[in-house]
Each structure stands twice: as structure tokens, then as C-alpha cells.
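Structural overview
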Amino acid sequence: MQVIKRLLNWFHSASLNWKISLLVVAGILPIGIACMVSLSMLETTYQEQQAYAVDQSFTQVFQAVEDKLDRVRNISTLLAVDGVVSGNILAADQTDSVAEQLACFDAISTYINSMEMVFEPNNIIFYMDPNYAAVNNQTGRFRSLDSILDSDWYARLQANQGNSTCVRYQDALSGTEYAAIVREIWNPSNYHQVIGVLAVVFEQKYLEELLVASTEDQCLYLETADGMLLAANMPEEALQRLPLGQRELNSSGFSLKTVDGVEYRVCSRMMGATNIYLVSLAPESALEQKVKEISGRLVLIYVVIILVSLLAVVPLTRSITKRIFLLKGQMMKTQTGVISKLEMEDAYQDEIGQLITHYNDMVDKMGDLLQEQYALGQMKIEADLKALQSQINPHFLYNTLDMISWMAQKDETDNIRNVVQAMSQFYRLTLSKGDDIVTVGDEIKMCDAYMEIQKRRYRGRILYEVEVDEEINRYLIPKITLQPFLENAIIHGINEKDDARGIVMLNGWLEDGRITLSVTDDGTGMREEDKTRPHTGSHYGMGNIAQRLELFYGEKIPIQVESSLGIGTCIVINIPARTSEEREGNEG
């Protein structure tokens, strides 16, 4: 029960892909099991059918060959006992007249020609006493008995006591081998007297055409009792033959035997009263190969069915899962702050399509709420910026007015006029029509006006140098960002030197889409612990600038302090290169 409960819990928690895959498998699996069972049954049935087909084929071939051989054997028997043949041979033997002998053999030839036309043997040849006038030792229908006395087939005939014997016959003239039924012709009045030998000759293809195999690589051949090959369904060099000791006179069916290490279905049978065996060897591997081919086709059909099923199921499941996964992915993006509608080319109006429509409506409403929230946030940011900048402007104004008061006491009219002009330019740029964000170019001009006032105040003890690439002048920066760095460089750097003299440098350049601005002085420098203080320099300089930069750029802008005692200090900020167009786009 616990296992079942765990499986159910896993299934309920599994992804939609897994569930659909399991449903597909659940549908295909029964088909596969049925296919495997059917395949096993079919293999067994097919093996039985193949064995039956081989057995029936052997029986049919045996009957066809036996009929052919019986016909030839009957012709030989008919000729051997026919009075026309034996009578004319005896008549020729009883006369010395050449004309009468030739007349007797001519009568035999005429009779034999009619027999050949009716029964279609290739040739009928007689071997007899060479003293007959019609006998030709090499060719013709009547040949010398002396020419075959040393032949192998004649020896087989004698071993069979002159009865009908099937042999391989070689033509004396062409050397071509044939099959033949041979037998002795006896004197009707005295069966112990041999008056000739009859050979009914036919081509081997006469038998080979009947040896039709029912399976691939099946060997079918005819051989005599002593193993002489008469005909086969394949070349002799490719023929696998059964050892003579394993033949059966009349096997009732096929049996499994191993020949030269190969397993065969073997059947052998002697044809009636002849000395001829029909032997069949069908490789078991060939039968198994047939079964494998059938099995392979069925497996292929099963695979095709699976593929077709998958091809039908996949588009259907994708139409469901694709939109669900897209909706899931779109909803997951909301965790990262990205809220957007799910745009679909095909807006189906099924349950999933309706779910997507409702989601898009929800996104629209959320967008309206976020827009309102963003507008409120922007108003707060602008208020914070104005509050921070309001801390700077009075601070600078107080210091400048103190300096003008001091100059008035000294009656330095020219210096007062120059300082008032510089201060006027500074505040004109600072006000900038009420905008808290200015270009880097305007910020540099404010710094120039500020340093003009400071040079007057310190009576030329401070030198001011500017090296800023013109290409960064068009980018935006919160106003009064660099002025506190300049102020700290003078007050906490140069003024603390013994001679209160020094150089302040302002540098700026663009690299990889970001702007680097630095203020460097050759003052007394800072100790290591002073670098990490949150309000290094003026009480609200560094911290104030860091807050304003973060509010404007939406990211933390670290203020890097590089300083060495007795050498000087360098303040560096690295800000995004933002244009007025980008600012308007972000606000939109």
C-alpha cells in the first residue's frame, strides 16, 4: 500500500509531459504485448507450415522424378522384350547377307524412331556384337559392345545382373555426360543368352528441372545406391551431400541431422525397384531466417504503428503543453520583475486559450497599477533629489557669501565683481530651469565657475586643469555631482599642506558605454582608515553624491578613493552613459 501511495503521489506531482507520456505508453503497451504474443504464435505456426511445405515439396518432387524414371525404365523394358527388337537382332545373327542384316537393323531403327517421338527420350542406343554390318564403334544407334566393356556404367550393369540400372552415361564422341537407363537384351528363347545392351539416354536437365527447392539453399539431388550422382538442383561443387550411411530407404518425414557441423532437415527415399535415391537437405538456418524475416516485418509494422500513433499524438499534446509551458514561463518571469502579456499567433478559444486571455487581462491591470506606482515612485525620487541638492546649494552659498564679505572688508572690488559674476554663472547653471539632471558639459561649466571663485578666494595658490573628452558632454548626470569633489580636494587636500598650494585636475572619458570621471589633487592625502569613512571630506559630500547617483541611475555607483599620504588623492566615479532620449524612454 505504501508503494502504491508513493506512486500516486509521484504521479500527481509529475509534470504534464510525464503524465501525457505515461498515457501514451499505456495506450501503446497493450498493442505491443498483443503484437509480441501474436508474433510468438505466428513464428510457431510458420515453422510448422514451413516444415509441412518442405515435406510436401519433397513428396511432389519424388513422385515427379519417379514418374519420369518409370517412364524411361518402362521404355527400356518394352524395347528389351519387344519382339521387333530382339527378333530382328536374332534374324541379323542368322544370316551372312549384309543386305539382310542392314534390313533387319533398319526395321529396328524405324521402330525406335517412332518410340523416341512418342516418349521423348534423348537417344536410344544399342551395344552388340561388332561383327554386325550396322555396328559403328563410336557413333550411330548401333555400337560395338566391346567399346563399353571397360566402362564404369557397364560394370554397374553387370553388378545389377543386367537388370534396368540408372547410370551416368558419357557420350563417346563429345565426352558429354548424360543420365541413362541401361539393361541387357536377352534371347527370348534363352534368357541366359545376352544378345545386346540397351541404353535409353536422356539429358540431366531432364531430371534437374524436376528438382525444385521449396526453401532457400535447399539441396535436392538424385544418386545411385553406391553414391553416384545423377542430377542435382545446383552445381556439384556447391552441393552438400548426405553421407551414404545416413540415408534411409523410405523416410516418412524430415529429421534433423548434422552434416559437416551444419544442422539440416534431411529426408531420403529410394524410388521403387530402382537403385536411385532422392535426397533433400534443407538448412535449418534457412528456415529460421524465413521466420526472422516474417518477425522482422511484423516488428516493422509494429514500429510503424507506434510512429504513426506518436505522429498523431505529438501535435495534439504539443497544442496543449506548448501553450501551458509558455504561460508557465511567462508567469515565472514575474518573479524577476518582468511582467508582460503572452502573445500567441493562434488564439484558440479552448480552456487553455481562455486561461491565456484572462492572464493577459490580469497583466494589463497589473501594468496600470505598476504605472501608477511608478509615477508615485518617480515623484518621490524627484523629491528626494531636490532635498539632497537643497543641502548642497545653501552650503556653497554660505561659503561664497562669507568669502565676498571677507573681500569687502579688504576692499577688493575687482575680486568681488569677478566672484559675483562667477557665482551668477554657477547658479544660473545650477537652476537649469528647475531640472535636477544636467549634461556632463553643463556640469563641467559649473565646476569651472566654482573653481574660478576658489582661485579668487585663495589668491592664485590653486591651479585648476580640465581634460575631458568632448564626446561625453551630451550625456546626463545629476547636477552638483563633481563640485563636492573639488571642494574636498581644496579644503582637505591642498589647504592642509604647509604652503597651501597645489593642483586640482578634472578628467573624463567614455569607455565601453560608461563614463569615468575623476578629480585628482596633490594635497596631503588620506590615511587608510579615512578612505572607508562614509562621509569623507565634507559632512554630507560623499554620502550625498552616492545617494543621488543611485536614485538617478537605478544602480549603486561606488565612489573609488585612491590616496597616498604626502602624494595626493584621486576620487573616481564610473556612471552609465545615459542620454536624454534614453531617460525619456525609461520614464515612458
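In what follows, the accompanying structure is described. Everything quoted here is computed from the prediction, not taken from an experiment.

1. What to know about the environment of Ile125
Along the chain, the position of Ile125 falls in strand β1 (residues 123–128). The buried category is assigned to Ile125, whose relative accessible area is 1%. Note: C-alpha distance between Ile125 and Arg143 (18 residues apart in sequence) is 7.4 Å. Residues within four places of Ile125 in sequence aside, it is in contact with Gly140, Arg141, Arg143, Tyr169, Val197, Leu198, Ala199 and Val201.

2. Digging into the pattern of salt bridges
Taken as a whole, this structure holds 11 salt bridges when the rule is applied. A salt bridge links Glu223 to Arg247; its shortest N-O distance comes to 2.6 Å. One end of the pair, Glu223, is in strand β6 (residues 219–224); the other, Arg247, is in the loop between β7 (229–232) and β8 (255–259), and 24 residues separate them in sequence. Each member of the pair, Glu223 together with Arg247, is buried. Of the charged contacts in the structure, one is a salt bridge between Arg514 and Glu555, with a shortest N-O distance of 3.2 Å. Of this pair, Arg514 sits in strand β15 (residues 514–521) while Glu555 sits in the loop between α13 (541–553) and β16 (559–564), and the two are 41 residues apart along the sequence. On the accessibility criterion, Arg514 (25% relative accessible area) is partly exposed.

3. Points about the sheet that holds β7
Reading across from one edge, β7-β6-β10-β9-β8 is the order of the five strands in this open sheet, with antiparallel pairing throughout. A single partner strand is all that each edge strand has here, and the edge strands are β7 and β8. With strand direction ignored, the average angle separating the axes of adjacent strands in the sheet is 30 degrees. Bridge count between β8 and strand β9 (residues 262–270): five bridges; the pairing is antiparallel. When the bridges of β9 are listed, Ser255 appears paired with Val266.

4. Focus on helix α10 (residues 440–457)
Helix length check: α10 (18 residues) gives 25 Å between terminal C-alpha atoms against 26 Å at 1.5 Å per residue, within 8%. Looking only at α10, the buried set comprises Val440, Gly441, Glu443, Ile444, Met446, Cys447, Ala449, Tyr450, Met451, Ile453 and Gln454. Looking one or two residues past α10, Arg459 carries a phi angle of roughly 55 degrees, positive in sign.

5. A word on helix α5 (residues 152–159)
Those residues of α5 that fall on the buried side of the exposure criterion are Trp153, Tyr154, Arg156 and Leu157. End-on view of α5: buried residues confined to an arc of 155 degrees, all on one side of the axis. Taken together, the buried residues of α5 touch β1, β3 (165–170), β4 (177–187), β5 (190–202) and β6. Positive backbone phi, approximately 60 degrees, marks Gln161, located one or two places after α5.

6. A closer look at the nonpolar core
Most often, soluble globular proteins keep nonpolar side chains buried together rather than apart. Core analysis: the biggest nonpolar cluster contains 61 residues, and Val65, Phe126, Trp153, Leu207, Leu222 and Leu278 have the highest contact counts within it. Non-local contacts of Phe126, meaning those with residues more than four positions away in its chain, are made with Val85, Ile108, Ile112, Arg141, Phe142, Arg143, Ile185, Val197 and Leu198. The next biggest cluster of nonpolar side chains, apart from the first, holds 48 residues, and it includes Met403, Tyr475, Leu476 and Met542.

7. So, a nonpolar patch on the surface
A cluster of nonpolar side chains, namely Leu29, Ile33, Val37 and Met41, defines an oily patch on the protein surface of about 400 Å² accessible area. Note on placement: Val37 falls in helix α2 (residues 16–81). For Val37, a relative accessible area of 45% gives the class partly exposed.

8. Here we look at the packing of aromatic side chains
Under the counting rule described, the total for this entry stands at eight aromatic pairs. Measuring from centroid to centroid gives 4.7 Å for Phe552 and Tyr553, while their planes differ by 70 degrees, and the two rings are edge-to-face. The pair formed by Phe552 and Tyr553 is uniform in burial state, with each residue classed as buried. Three or more aromatic residues link up through ring pairs in this structure, and these residues are Phe105, Phe126, Tyr132 and Phe142.

9. As for the pairing of β6
The element β6 is largely enclosed, with a buried count of six among its six residues. Alternating residues of β6 divide into Cys219, Tyr221 and Glu223 and Leu220, Leu222 and Thr224, and every residue in both groups is buried. Bridge count for β6 against β7 is three bridges, and the pairing is antiparallel. When the bridges of β7 are listed, Leu222 appears paired with Ala231.

Here is what the cut-offs are and how they apply
- Residues numbered from 1 in each chain as written.
- Predicted model: local features only at pLDDT ≥ 70, side-chain atom pairs only at ≥ 80, totals over all residues.
- Heavy atoms only, no water.
- Helix = DSSP H or I, 4+ residues; strand = E, 2+ residues; numbered from the N terminus.
- Buried < 20%, exposed > 50% of the residue type's maximum accessible area, 1.4 Å probe, protein only.
- Contact = heavy atoms within 4.5 Å.
- Salt bridge = Lys/Arg side-chain N within 4 Å of Asp/Glu carboxyl O.
- Pairing = 2+ DSSP bridges.
- Axes fitted to C-alpha atoms, helices over the stretch in contact; angles between N-to-C directions.
- Expected span 1.5 Å × (residues − 1).
- Arc of directions from axis to C-beta.
- Core = buried A, V, L, I, M, F, W, Y, C linked by side-chain atoms within 4.5 Å.
- Patch = residues over 30% accessible without salt bridge, like charges linked within 9 Å, V, L, I, M, F, W, Y side chains within 5 Å.
- Areas by Shrake-Rupley, 256 points an atom, 1.4 Å probe, with all protein chains shown as cover.
- Phe/Tyr/Trp six-rings, centres within 6.5 Å; stacked < 30°, edge-to-face > 60°.

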